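Each chain, letter by letter, is given below.
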Amino acid sequence: MSSQIQLKNVSKVYGKPGSPDAYLAFDAVSLTVAPSEFVAIVGPSGCGKSTLLRIIAGLMPQTSGDVLLDGRAVDGPPEGVVYLFQQYSKSLFAWRTVLDNVMFPLESAPRSERARLRERCIGYIRQVGLAGFENKYPWQISGGMQQRVAIARALAANPRVLLLDEPFSAVDALTRMELQSLVLDLWRENRFTAVLVTHDVEEAVFLADKIAVLSHRPTTLAEEIEVGLPRPRDHIVTREDPAFLSLRHHLMSSLLGDHARTRAHA
Ligand code: ADP
Ligand code: MG
């Protein structure tokens, strides 16, 4: 099978369609994501990126169109699909240690399995660079480290598909770059399919194989771009690659173009 996620003409209306308060979040979005592909969805704030990701995750139904995972219609949160939220500080349990947060998805496993799973989770904590912090509480570590815990917990759920909703937007610029490289390493090692929502054009180009660009309202899929930059990617080398700069230019013009011109003439 060549596609793992398939969106066919997906539209979302908030409120009752046809009623005065009906609000069209986006219209007729079609997109396919292949197994182990890294796809970024970029678009301006409020264009419906999070809505689209929640629909893929089965957390919310679409109004029309088809959403398929491995060829089957999504009608609730599917097994093996993990959602990484933007607000990690809200997604971690403050009263649980790092290790107990990471073990959370494995809570329902039989008692006889616990020692083995505990070792596995300690391995994930090491993979995200937090060895030695297993017994700390979220409030004892930095924001970037908390997001690493959230990433380790996502790994513990052994995702086939990892959905990331602006996962680095709440950390400082250097931490963001470290976390981007971490996610690329984990993606290469664990071969899950990744769908990342972001308003950050450079982040999309740096991480993705393919970028889906959502337009300003009324939102539709404006274009799909194959990135094609060599891997492994590196912040210093990749970001200076002429192909990186040309993609960045193209995406910035497409997302910012109208606003930039309006301001210049104001
Ligand atoms: P993005 O993630 O691109 O910023 P969202 O998907 O969060 O955009 O929201 C898209 C639009 O849908 C926004 O205008 C937002 O106000 C609206 N919206 C989001 N969630 C709801 C909701 N639960 N009910 C009504 N409108 C919503
Ligand atoms: Mg959003």
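Structural data are supplied above this passage.
The rules behind each value
- Residues numbered from 1 in each chain as written.
- Chains lettered and ligands numbered in written order.
- Predicted model: local features only at pLDDT ≥ 70, side-chain atom pairs only at ≥ 80, totals over all residues.
- Heavy atoms only, no water.
- Near = heavy atom within 4 Å.
- Polar contact = N/O pair within 3.5 Å; in protein donor to acceptor, adjacent residues only side chain to side chain.
- Areas by Shrake-Rupley, 256 points an atom, 1.4 Å probe, with all protein chains shown as cover.
- Helix = DSSP H or I, 4+ residues; strand = E, 2+ residues; numbered from the N terminus.
- 1 Å grid on protein atoms, 1.4 Å probe; cavity = no way out; pocket = protein on both sides within 12 Å on 5 of 7 lines; lining within 4 Å.
- Points joined across faces, edges and corners; volume = space filled by probe spheres on them.
- Nonpolar A, V, L, I, M, F, W, Y, C, P; charged D, E, K, R; others polar.
- Axes fitted to C-alpha atoms, helices over the stretch in contact; angles between N-to-C directions.
- Parallel < 35°, antiparallel > 145°, perpendicular 65-115°, else oblique.
- Left-handed = near helix turned anticlockwise from the far one by under 90°.
- Contact = heavy atoms within 4.5 Å.

S.K.: Help me out: how do you make sense of the site of ligand 1 in this one?
M.R.: Around ligand 1, the neighbouring residues are Y14, Y23, P44, S45, G46, C47, G48, K49, S50 and T51. Measuring from an oxygen atom of ligand 1, one finds a side-chain N or O atom of Y23 at 2.8 Å. At 3.0 Å, a backbone N or O of G48 approaches an oxygen atom of ligand 1. In the complex, 61% of the free accessible area of ligand 1, which totals 570 Å², lies under the protein chains. Top contributing element to the shell around ligand 1 by residue count: helix 1 (residues 49-56), with 3 residues.

S.K.: Is there a simple way to think about the layout of surface pockets in this case?
M.R.: Counted as a void, the largest pocket has a volume near 460 Å³. Residue lining of the largest pocket: 18 residues in total, with V81, V82, Y83, F85 and A157 positioned closest to the centre. Counting residues per element, the ones that place at least two in the lining of the largest pocket are strand 6 (81-84) and helix 5 (143-156). The biggest single contributor to the lining of the largest pocket is strand 6, with 4 residues. In terms of residue class, the lining of the largest pocket is built from 14 nonpolar, 2 polar and 2 charged.

S.K.: What should I look at first to understand the packing of helix 5 against helix 6 (residues 173-190) in this one?
M.R.: Angle between the axes and distance between the axes: these two values describe a pair of packed helices. The N-to-C vectors of helix 5 and helix 6 enclose an angle of 15 degrees; their axes lie 11 Å apart at closest approach. Viewed along their axes, helix 5 and helix 6 adopt a mutual orientation that is roughly parallel. In the packing of helix 5 onto helix 6, the handedness of the crossing is right-handed. Mapping the contact onto sequence places G144, Q147, R148, I151 and L155 in helix 5 and T175, E178, L179, L182, V183, L186 and N190 in helix 6. In terms of residue class, the contact of helix 5 with helix 6 is built from 6 nonpolar, 4 polar and 2 charged.

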